[in-house]
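The lines below spell out each chain.
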Amino acid sequence: MGEGRARTPRRELARLRAEQAGKATALRERIMEGALEACGERGYRDATVQDVIDRYGGNRAQFYRHFGSKAECYAAAYEFEVERRYALLADRAEAQPGWRRALVAVLEGLAELAIERPALARGLLVEVHVAGGPALLKRLEVFERLTRAVDSARRETESRHSPPPVTATFMVGAIEASVTSALTRREPADFAAAVPELAQMVLAAYFGDEIAGGDSAVRRAA
C-alpha cells in the first residue's frame, strides 16, 4: 500500500516532467558543446548552424527550440563552459598543498584541455575574440578573476617580493597568449611543453628567481 500511495498521478506527472526537463537540459548542453567545437574547428565566422547540428547529431527543430541563432547559442555555450572549466581548475588548485603547486596544477589542467579537446579549447579560448558580444564580456570577467587568483601569491609568507599591481594581469595575459597561440597553430602540445617555463616566470615574479628555479613542483612539471 505504501508503494501505491507513492505513485499517485500527481507524483507520476512530477516525475515525468522532471525527466523531460533533464533530457531538455542534456540536449541543450550537447548543442552548446557542438557549437564550441564547430566554431573551434571551422572558425566562428565560417561555422554555421548546420555545422553545430552535425556536431551534436540532432536537427534544426531541436536547435531552434533552444536558441534563436548561432550567436545566441555561442554566447550561452561560452558562459556555460567557461564557468565549468573555471570550477574544474579551481577544484584542481584547491586539492594542492600550496599556491605554487596549485599554479602548476592549473597550467597542467589547461594543457590537458588543449591536447584532449583541441576543437573545444579553440572554440572557447580563441574564437571568443571573433564572436565578441556577451561572450567577450564574460571572458573579461573571468580574466579578472584569474588575475586576482594569481595575485593572491602576495599572501604567501615565503614571498619577499612586491611586484607592481599590473604583474598579475601581465602573467595571465602571457599564459593566455601562449595557449591561444598553440591552439591557433593547431599544436596544443607546444603549450604543454611551455608549462614549466610559464610556471617559473610567474613564480619568479612573486618569489624571486632562486625560489622559482628550485621549486619542486616546477621541476616535476618539466
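Our subject is the structure that appears above.
Model, not experiment: these values are computed from the prediction. (Residues numbered from 1 in each chain as written. Predicted model: local features only at pLDDT ≥ 70, side-chain atom pairs only at ≥ 80, totals over all residues. Heavy atoms only, no water.)

## Overview of the environment of E41
Of note, E41 is situated in helix α2 (residues 9-42). With a relative accessible area of 36%, E41 lands in the partly exposed category. For the pair E41 and G123, spaced 82 residues apart in sequence, the C-alpha to C-alpha distance is 7.5 Å. Polar side-chain contacts of E41 include one of 3.4 Å to the side chain of R122. (Helix = DSSP H or I, 4+ residues; strand = E, 2+ residues; numbered from the N terminus. Buried < 20%, exposed > 50% of the residue type's maximum accessible area, 1.4 Å probe, protein only. Polar contact = N/O pair within 3.5 Å; in protein donor to acceptor, adjacent residues only side chain to side chain.)

## Quick look at the packing of helix α7 (residues 118-125) against helix α10 (residues 166-184)
If you want to describe how two helices pack, look at the angle between their axes and the distance between the axes. Between α7 and α10, whose axes approach to 10 Å, the crossing angle comes to 125°. One element, α7, and the other, α10, form an angle in the oblique class. Here the hand of the crossing between α7 and α10 comes out left-handed. In contact with P118, A121, R122 and L125 of α7, α10 contributes V179, T180 and L183. (Axes fitted to C-alpha atoms, helices over the stretch in contact; angles between N-to-C directions. Parallel < 35°, antiparallel > 145°, perpendicular 65-115°, else oblique. Left-handed = near helix turned anticlockwise from the far one by under 90°. Contact = heavy atoms within 4.5 Å.)

## Section: the nonpolar core
One finds F63 and F191 to be the most contacted residues of the largest nonpolar core, which totals 55 residues. Residues within four places of F191 in sequence aside, it is in contact with L107, L110, A111, I175, S178, V179, A182 and L198. (Core = buried A, V, L, I, M, F, W, Y, C linked by side-chain atoms within 4.5 Å.)

## Description of the side chain of E127
On the secondary structure map, E127 appears in the loop between α7 and α8 (128-131). Despite its burial, E127 pairs with no opposite charge, the nearest such side chain being R45 at 6.5 Å. A distance of 2.9 Å separates the side chain of E127 from the backbone nitrogen of Y44, its partner in a polar contact. (Lys, Arg positive; Asp, Glu negative; His and termini not counted. Salt bridge = Lys/Arg side-chain N within 4 Å of Asp/Glu carboxyl O.)

## Focus: the packing of aromatic side chains
Counted by the stated rule, this structure contains six aromatic pairs. Between F63 and Y64 the ring centres are 5.1 Å apart and the planes differ by 80°, which places this aromatic pair in the edge-to-face class. Aromatic ring contacts, followed pair by pair, group Y44, Y74 and Y78 into a single cluster. K70 extends its terminal NZ or CZ atom over the ring of Y44, reaching a point 4.3 Å from the ring centre. Its end group placed over the ring of Y86, R145 keeps NZ or CZ at 4.7 Å from the ring centre. (Phe/Tyr/Trp six-rings, centres within 6.5 Å; stacked < 30°, edge-to-face > 60°. Lys NZ or Arg CZ within 6 Å of the ring centre and 35° of its normal.)

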